[in-house]
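Fold and geometry: a report
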Amino acid sequence: MHSRIFQIADTQIEEDNFIDEMTIEVGATTSVDYTAEISEDERRLAIECLVNEWLPTGMFSLGTEPDTIVYNGGLDEWVRNEWLPKIRKSAGILSTHNIFQNLNITRMKQLLDNALGIGTLFYLAAENYQSFAEHSTAFMEYLNNFSAGQIFYIGGVLDYHW
């Protein structure tokens, strides 16, 4: 399956620091089989989809400057009304008899690692010094450090296959 990797930071990202096909580690130890560059039109569409479809409704809007998104607030409400109920429901079916069943372990791990349940990965740095992208829980945790009105900058956007 294919999805996108977004480089996002709270400071402007210089174009020579945009992630590219060589930035993200691929192979047996990651969920990424390969990455690919996308066109500028696909990049703009991906940013729009990130804001309007993949992230929680209303939590973000497109910025007035190119390659920016604005955090509108709402993380606490989303955690309280969306994510925690899913965790509680999933945990509620666990018992001493089924907790170690592979399906239950996998389901809980996915819910905790990928809070939004999306294929999108996030590279949370303005410079391309790390070799990995993270699932949505890492992005939501990162977001927890900011207030409504915070502008985030989008750097490289890659297609990836898993």
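Before reading further, recall that the structure is shown in the block above.
Keep in mind it's a predicted model, so treat the numbers as computed, not measured.

**Examining helix 3 (residues 102-113)**
Taking 1.5 Å of rise per residue, the twelve residues of helix 3 would be expected to cover 16 Å, and the 16 Å separating its terminal C-alpha atoms lies within 8% of that figure. Listed as buried for helix 3 are Asn 104, Met 108 and Leu 111. Looking straight down helix 3, one finds that the buried residues subtend no more than 65° of arc, so they occupy a single side. Summarising the geometry of helix 3, the exposed residues directed more than 90 degrees from the buried face are Asn 102, Leu 103, Lys 109 and Gln 110.

**Re the packing of aromatic side chains**
Tallying each qualifying case throughout the model produces ten aromatic pairs. Ring-pair connections join several aromatic residues into one group, and the members of that group are Phe 60, Tyr 71, Phe 122, Phe 139, Tyr 142, Phe 146 and Phe 152.

**Notes on the packing of helix 2 (residues 75-92) against helix 3**
The N-to-C vectors of helix 2 and helix 3 enclose an angle of 170°; their axes lie 10 Å apart at closest approach. Overall, the two elements helix 2 and helix 3 adopt an arrangement that is roughly antiparallel. Counting all contacts with helix 2, which are made through Trp 83, Lys 86, Ile 87, Ser 90 and Ala 91, the residues of helix 3 involved are Arg 107, Met 108, Leu 111 and Leu 112. For the contact of helix 2 with helix 3, a count of residues per class yields six nonpolar, one polar and two charged.

**Let's talk about a nonpolar patch on the surface**
A cluster of nonpolar residues, Ile 99, Phe 100 and Ile 105, forms a patch on the protein surface that exposes about 320 Å² of accessible area. Summarising the element assignment, Ile 105 is placed in helix 3. Owing to a relative accessible area of 40%, Ile 105 belongs among the partly exposed residues under this scheme.

**Notes on the pattern of salt bridges**
Going through the model one piece at a time under the given rule, you end up with six salt bridges. Across the salt bridge formed by Arg 44 and Glu 40, the nearest N and O atoms sit 3.2 Å from each other. Residue Arg 44 and its partner Glu 40 are both found in helix 1 (residues 40-54); the two are separated by four residues, about one turn of the helix. According to the relative accessible area criterion, Glu 40 is partly exposed, its value standing at 43%. Between Lys 109 and Asp 113 there is a salt bridge whose closest N-O contact spans 2.8 Å. Placement of both Lys 109 and Asp 113 in helix 3 is noted, with a separation of four residues, approximately one turn of the helix. The class for Lys 109 is exposed, based on a relative accessible area of 53%. On the basis of relative accessibility, which here comes to 33%, the residue Asp 113 falls in the partly exposed class. One network of salt bridges, in which partners are shared, links Glu 40, Arg 43, Arg 44 and Asp 67.

Conventions and cut-offs
Residues numbered from 1 in each chain as written. Predicted model: local features only at pLDDT ≥ 70, side-chain atom pairs only at ≥ 80, totals over all residues. Heavy atoms only, no water. Helix = DSSP H or I, 4+ residues; strand = E, 2+ residues; numbered from the N terminus. Expected span 1.5 Å × (residues − 1). Buried < 20%, exposed > 50% of the residue type's maximum accessible area, 1.4 Å probe, protein only. Arc of directions from axis to C-beta. Phe/Tyr/Trp six-rings, centres within 6.5 Å; stacked < 30°, edge-to-face > 60°. Axes fitted to C-alpha atoms, helices over the stretch in contact; angles between N-to-C directions. Parallel < 35°, antiparallel > 145°, perpendicular 65-115°, else oblique. Contact = heavy atoms within 4.5 Å. Nonpolar A, V, L, I, M, F, W, Y, C, P; charged D, E, K, R; others polar. Patch = residues over 30% accessible without salt bridge, like charges linked within 9 Å, V, L, I, M, F, W, Y side chains within 5 Å. Areas by Shrake-Rupley, 256 points an atom, 1.4 Å probe, with all protein chains shown as cover. Salt bridge = Lys/Arg side-chain N within 4 Å of Asp/Glu carboxyl O.

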